[in-house]
Amino acid sequence: MWTGDMLPSDHGKNLHKEGVMTLKELEARITVLEDIEEVKKVMCSYCHFVNTSQWDSVLALFADNAKADWGPLGTYEGKDGIATYFTNMVAAIMPWTAHEVLNPIITVEGNKAKGTFYLWAPTTVKMADVETAIWIQGRYDNEFIKEGGRWKFSLLKYAFDFMTPYEDGWVKTKMMGG
């Protein structure tokens, strides 16, 4: 059960002694809340576009000088490098996925934001013309930048907790090929 004791520590920090905010303070808080929602939209759009193999739309979510780090699957810099990952690797070996992100924790400071999201992705991989059902789970620790009024990835960083064949589960095989 959720209680008031679970509020973030900065809850109410802009309230005056009388419990009233200035219009400027209220506008600033609303801007932060809107920015948090926009960052969530970037992440959810990313998942949707990956799920539906819309690689150009995925790339539009990245700043020009962005970096993407998928741990053992490699690090890619700039839109051209990131495009290589999606068009050469993901498109070739992942015919289906249900990328789902959970538990967003987002902080915004001006035109920069950080977001942690947990991933749960039942996925089909294709290797040597054989399709295999796998489970993927891990955590994104991303950074975002607001450019031209739009939030984009400046850093996409993913850490695997497991990538395991469906039949094995994460207890028997934590990381395929590892």
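As the structure is a prediction and not an experimental result, all values here were calculated from the model.

K.L.:
Sorry, what's going on with the side chain of Thr97 here?
P.N.:
Tracing the backbone shows Thr97 in strand 3 (residues 96-97). For Thr97, the side chain forms a polar contact with the side chain of Thr123, separated by 2.9 Å. Discounting residues that sit within four places of it in the chain, Thr97 has contacts with Val50, Asn51, Ala121, Pro122 and Thr123.

K.L.:
I would appreciate a short explanation of the environment of Leu61 in the present structure.
P.N.:
Among the structural elements, Leu61 can be located in the loop between helix 2 (55-59) and strand 1 (62-69). Measuring from C-alpha to C-alpha, the distance between Leu61 and Arg150 comes to 9.1 Å, with 89 residues separating the pair along the chain. The residues contacting Leu61, other than those within four sequence positions of it, are Val42, Ser45, Tyr46, Phe49, Lys152 and Phe153.

K.L.:
Is there a simple way to think about the packing of aromatic side chains in this case?
P.N.:
The geometry of an aromatic ring pair comes down to the distance between the two centres and the angle between the two planes. For the structure shown, the criterion picks out 19 aromatic pairs. On the numbers, 3.8 Å between centres and 10° between planes, the contact of Trp70 with Tyr85 is stacked. Pair noted here: Trp70 is in the loop between strand 1 and strand 2 (75-77) and Tyr85 is in helix 3 (residues 78-93), with a separation of 15 residues, a long-range link.

K.L.:
Help me out: how do you make sense of the side chain of Asp35 in this one?
P.N.:
Inspection of the secondary structure assignment puts Asp35 in helix 1 (residues 23-51). According to the relative accessible area criterion, Asp35 is buried, its value standing at 7%. Within polar-contact distance, the side chain of Asp35 engages the side chain of Trp151 at 3.3 Å.

K.L.:
What am I meant to see in the layout of surface pockets here?
P.N.:
Over the atoms, a rolling probe the size of a water molecule traces out where space has been left empty. Empty space within the second largest pocket amounts to approximately 360 Å³. Taken together, 24 residues line the second largest pocket, and the ones lying closest to its centre are Leu73, Tyr85, Met94, Ile136 and Phe160. Elements with a contribution of two residues or more to the lining of the second largest pocket: helix 1, helix 3, strand 5 (112-127), strand 6 (130-147) and strand 7 (150-165). Residue classes in the lining of the second largest pocket are distributed as 21 nonpolar, three polar and no charged.

The rules behind each value
Chains are numbered independently. Their residues run from 1 in the order of the written sequence. For this predicted model, a pLDDT threshold of at least 70 governs which residues receive local features, and a threshold of 80 or more governs which side-chain atom pairs are given and counted, while totals over whole chains, interfaces and linings are taken from all residues. Values shown for side chains rest on all heavy atoms present in the structure; no hydrogens or waters enter the calculation. The numbering of helices and of strands both runs from the N terminus, where a helix is a DSSP run of H or I of at least 4 residues and a strand a run of E of at least 2. N or O atoms within 3.5 Å of each other form a polar contact, as long as, within protein, one can give a hydrogen and the other can take it, and as long as residues adjacent in sequence are counted only when both atoms are side-chain atoms. Here, residues are in contact when the closest pair of their heavy atoms is within 4.5 Å. Paired rings are identified among Phe, Tyr and Trp, the last through its six-membered ring, by centres lying within 6.5 Å, and are further divided according to the angle between planes into stacked (under 30 degrees), edge-to-face (over 60) and tilted (the rest). Summary of the burial criterion: residues with accessible area below 20% of their type's maximum are buried, those above 50% are exposed, and those between are partly exposed, where the area comes from a 1.4 Å probe applied to protein chains only. Cavities and pockets were defined on a 1 Å grid built over protein atoms only: a cavity is a set of grid points that admits a 1.4 Å probe from which the probe cannot escape, a pocket is an open set flanked by protein on both sides within 12 Å along at least five of seven lines, and lining residues are those with an atom within 4 Å of any such point. Grid points are joined across faces, edges and corners, and a volume is the space filled by probe spheres set on the points. Under the scheme applied here, ten amino acids are nonpolar (Ala, Val, Leu, Ile, Met, Phe, Trp, Tyr, Cys and Pro), four are charged (Asp, Glu, Lys and Arg), and all others, including Gly, are polar.

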